[in-house]
Amino acid sequence: MRIAVAGETDVDEPRVAATPETVKKLKAQGAEVVVQAGAGRRAGLPDAEFASAGADIREGDAALAGADVLLAVRRPPAE
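Let me sum up the structure you'll find in this document.

Reading the values: the criteria
Residues numbered from 1 in each chain as written. Predicted model: local features only at pLDDT ≥ 70, side-chain atom pairs only at ≥ 80, totals over all residues. Heavy atoms only, no water. Helix = DSSP H or I, 4+ residues; strand = E, 2+ residues; numbered from the N terminus. Core = buried A, V, L, I, M, F, W, Y, C linked by side-chain atoms within 4.5 Å. Buried < 20%, exposed > 50% of the residue type's maximum accessible area, 1.4 Å probe, protein only. 1 Å grid on protein atoms, 1.4 Å probe; cavity = no way out; pocket = protein on both sides within 12 Å on 5 of 7 lines; lining within 4 Å. Points joined across faces, edges and corners; volume = space filled by probe spheres on them. Polar contact = N/O pair within 3.5 Å; in protein donor to acceptor, adjacent residues only side chain to side chain. Contact = heavy atoms within 4.5 Å.

In this section: the environment of Val11. Note that Val11 resides in the loop between strand S1 (2-5) and helix H1 (20-28). For the pair formed by Val11 and Ala48, sequence separation is 37 residues and the distance between their alpha carbons is 22 Å.

In structure tokens, the structure reads:
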């Protein structure tokens, strides 16, 4: 199962839908986890921490393509 963590598009939303600890738990369950580059920046979670937890970091829409599950704090735009 491929799980994608989206960066929030609302500039007033500092949260991210997953943490490096969450990524570790999902990986332990056998999931492939992809985090959109910069998704955790406003929450104080740099890409390097997600990568150290086992996530694949990808830019833009490439992070979301082909995901079975999309994690986001707020509903993403329809497009």
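As a further point, take the nonpolar core. Residues Val5, Val16, Val23, Val33, Val35, Phe50 and Ala55 are the most contacted members of the largest nonpolar core, which totals 13 residues. Breaking this core down by element, the ones donating at least two residues are S1 and strand S2 (32-36).

A word on the layout of surface pockets. Counted as a void, the largest pocket has a volume near 310 Å³. Residue lining of the largest pocket: 15 residues in total, with Gly7, Thr9, Leu64, Pro76 and Pro77 positioned closest to the centre.

Attention now goes to the side chain of Gln36. You can see Gln36 is positioned in strand S2. Residue Gln36 is classed as buried on the basis of its relative accessible area, which comes to 13%. Side-chain polar atoms of Gln36 contact the backbone oxygen of Gly60, separated by 3.0 Å. With residues up to four places along the chain from it excluded, the contact list for Gln36 reads Val5, Ala6, Gly7, Asp47, Arg58, Gly60, Asp61, Ala63 and Leu64.

Purely geometric numbers; function is a separate question.
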